[in-house]
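Structure at a glance
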Amino acid sequence: MSLNFARKTLTTLMLAGATLLAACEAPVSVTPMPAPDASPEIPLQSADSLTAQDYYERVQNSLLVHGLLRTDGGGPDVPFNARSLAQNFLKIALYQEYTERSGRLMARESNSYLHRWNVPIRYNITFGASVPQARRATDQREIRRYSHRLARLTNLRFSQSGERTNLHIFIVNEDERREIGPALRAILPGISPATVSSAENMARDTYCLAFASAPDQSGEYAQAIIIIRGEHPDLLRRSCIHEEIAQSMGLPNDSIDARPSIFNDDGEFGLLTSHDELLLRILYDPRLATGMTEEHARPIVNIIATELLGGSV
């Protein structure tokens, strides 16, 4: 079983965003975390959750002051060509940043093979009980809009469904996240203790997490889980939604050379860019196939990048 792991973290003095990924696959039965009662009675956030909310508000303000978390998608100041696009794709789609050793997830880049979905995406959003209704409504709208955009780029069909869900999105506050282990094990019975621990004991410098499983080492995703902190202010929440869902499509790594891109640990861009849209179009081009190595994919990727942008590779 292979499980791709993605994590968006804060890694610089200015608390810039970064992402991590690793792999491991499992047979899956879908038992989503029970949805909170629809009653208007929302439990109050705990002191820990309120402290986290204040912290991430300051994080977002710091990032914005330093010109990070851009939402413009890129422009004349960040040019790229077919050669750089192809190279960035190979680095982001065919390598993984994290691996599990001795029961721990470690930052160690290694080559992988092409992963993606070959079935329609049926996503479900589970909110922690203490996440306010207004935030839930905003997140629902953002994810719905974003899923429509991803559908156009990947030619996958996206729908929100509580049945036969294969993309599970959890937006939870501190106390709810610390107890999320049973829900993760219900969705991915083969999930490792280290992966569960990374969610339940999420470090403060981690924005959000994503896991995607591909049974039988096939490269074909069957299930994915995304965990986003409910304490995030609006732009950090959108940034997590954009990056983690895009990574769970099959772009598990990041690259310091990718620009303009959310797949870069410098945090310059907060939302999916024009460059990133092309990465997704390449990933879901029918000339590529799950399980392809870099050696097999490279000449095809070069052709597709040239078709998209012109020039030569």
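Residues numbered from 1 in each chain as written. Predicted model: local features only at pLDDT ≥ 70, side-chain atom pairs only at ≥ 80, totals over all residues. Heavy atoms only, no water.

**Notes on the overall build of the protein chain**
Helix and strand counts for the protein chain come out as nine helices and nine strands. The proportion of buried residues among the 313 residues of the protein chain is 55%. Nonlocal contacts in the protein chain, meaning residues at least 24 apart in sequence, comprise 73% of its contacts between residues at least 6 apart. A total accessible area of about 12,900 Å² is found for the protein chain, and carbon and sulfur atoms account for 51% of it. (Helix = DSSP H or I, 4+ residues; strand = E, 2+ residues; numbered from the N terminus. Buried < 20%, exposed > 50% of the residue type's maximum accessible area, 1.4 Å probe, protein only. Contact = heavy atoms within 4.5 Å. Areas by Shrake-Rupley, 256 points an atom, 1.4 Å probe, with all protein chains shown as cover.)

**Concerning the state of the cysteines**
Evaluated as defined, the whole model comprises one disulfide. Covalent S-S linkage joins Cys-208 and Cys-240, the inter-sulfur distance amounting to 2.1 Å. Judged by the sign of its S-S torsion, about -90°, the bond between Cys-208 and Cys-240 is left-handed. Of this pair, Cys-208 sits in strand S8 (residues 206–214) while Cys-240 sits in helix H7 (residues 234–247), and the two are 32 residues apart along the sequence. Of the residues examined, Cys-208 reaches a relative accessible area of 0% and is grouped as buried. (Disulfide = S-S within 2.5 Å.)

**Quick word on the pairing of strand S5 (residues 121–127)**
By the criterion of burial, S5 is predominantly enclosed, with seven of the seven residues buried. Here S5 shows a buried face lined by Ile-121, Tyr-123, Ile-125 and Phe-127 and a second buried face lined by Arg-122, Asn-124 and Thr-126. Bridging between S5 and strand S6 (residues 158–160) involves three bridges; their strand directions are parallel. By the bridge assignment, Arg-122 is partnered in S6 with Ser-159. This β-α-β element, S5 to helix H3 (residues 133–154) to S6, shows right-handed connectivity. (Pairing = 2+ DSSP bridges. Right-handed = clockwise from strand over helix to strand, strands pointing away.)

**Some remarks on helix H9 (residues 294–309)**
When the terminal C-alpha atoms of H9 are compared, their 21 Å separation across 16 residues agrees well with the 22 Å that a helix rising 1.5 Å per residue should span. At Ile-300, H9 shows its largest bend, some 25°. Of all the residues in H9, the buried ones are Glu-294, Ala-297, Ile-300, Val-301, Ile-304 and Ala-305. (Expected span 1.5 Å × (residues − 1). Bend = angle between axes of the 7 residues up to and from the residue.)

**A word on the packing of helix H2 (residues 82–93) against helix H8 (residues 274–283)**
Axis separation between H2 and H8 bottoms out at 10 Å; the angle between their running directions is 70°. With respect to H8, the element H2 is oriented roughly perpendicular. Crossing angle aside, the handedness with which H2 passes H8 is right-handed. Contact with H2, carried on its side by Leu-85, Asn-88, Phe-89 and Ile-92, involves His-275, Leu-278, Leu-279, Ile-282 and Leu-283 of H8 and no other residues of that element. Of the residues contributing to the contact of H2 with H8, the split by class is seven nonpolar, two polar and no charged. (Axes fitted to C-alpha atoms, helices over the stretch in contact; angles between N-to-C directions. Parallel < 35°, antiparallel > 145°, perpendicular 65-115°, else oblique. Left-handed = near helix turned anticlockwise from the far one by under 90°. Nonpolar A, V, L, I, M, F, W, Y, C, P; charged D, E, K, R; others polar.)

**Details of the pairing of S8**
Within S8, nine of the nine residues are buried, leaving the element largely enclosed by the surrounding structure. By the bridge criterion, six bridges tie S8 to strand S9 (residues 223–229) in an arrangement that is antiparallel. Residue pairing across strands places Cys-208 opposite Ile-228, the latter belonging to S9.

**Observations concerning the nonpolar core**
Burial of nonpolar side chains together is a common tendency in soluble globular proteins. Of all hydrophobic cores here, the largest spans 69 residues; its most connected members are Phe-89, Ile-169, Ile-245, Met-249, Leu-251 and Leu-288. With seven residues, the single largest contributor to this core is H2. (Core = buried A, V, L, I, M, F, W, Y, C linked by side-chain atoms within 4.5 Å.)

**A few points about the packing of H2 against H9**
For the pair H2 and H9, the least separation of the axes is 9 Å and the interaxial angle reads 145°. H9 is crossed by H2, and the crossing has right-handed handedness. Packed against H2, whose contacting residues are Ala-82, Leu-85, Ala-86, Gln-87, Phe-89 and Leu-90, the element H9 presents Glu-294, Arg-298, Val-301, Asn-302, Ala-305, Thr-306, Leu-308 and Leu-309 at the interface. Among the residues making up the contact of H2 with H9, the classes are represented as nine nonpolar, three polar and two charged.

**Considerations on the confidence of the model for the protein chain**
Residues shown with low pLDDT carry predicted positions that ought not to be read at fine detail. This prediction gives the protein chain a mean pLDDT of 87; 84% of its residues lie at or above 70. Considering only residues more than four positions removed or in separate chains, one finds that residues 10–39, a stretch of pLDDT under 50, has 124 contacts. (pLDDT = per-residue confidence, 0-100.)

**Some words on the side chain of Ser-192**
Locating Ser-192 in the fold gives a position in the loop between helix H5 (181–187) and helix H6 (193–200). Given the relative accessible area of 9%, Ser-192 is considered buried. At 2.9 Å, the side chain of Ser-192 and the side chain of Thr-195 are in polar contact. (Polar contact = N/O pair within 3.5 Å; in protein donor to acceptor, adjacent residues only side chain to side chain.)

**Quick look at the environment of Gln-217**
Structurally, Gln-217 can be placed in the loop between S8 and S9. Note: C-alpha distance between Gln-217 and Thr-290 (73 residues apart in sequence) is 9.9 Å. Reaching out from Gln-217, the side chain makes a polar contact with the side chain of Tyr-113 at a distance of 3.1 Å.

**Some thoughts on the pattern of salt bridges**
Per the counting criterion, the structure on display carries 16 salt bridges. The salt bridge partner of Arg-145 is Glu-142, with a shortest N-O separation of 3.0 Å. Separated by three residues within a single helix, Arg-145 and Glu-142 lie in helix H3, roughly one turn from each other. A relative accessible area of 8% means that Glu-142 is categorised as buried. In this structure, the salt-bridge partner of Arg-238 is Glu-142, at a minimum N-O distance of 3.4 Å. Highlighted residues: Arg-238 in helix H7 and Glu-142 in helix H3, separated in sequence by 96 residues. Relative accessible area serves as the criterion here: at 32%, Arg-238 is assigned to the partly exposed category. Through salt bridges with shared partners, a single network forms among Asp-48, Glu-174, Arg-177, Arg-178 and Arg-229. (Salt bridge = Lys/Arg side-chain N within 4 Å of Asp/Glu carboxyl O.)

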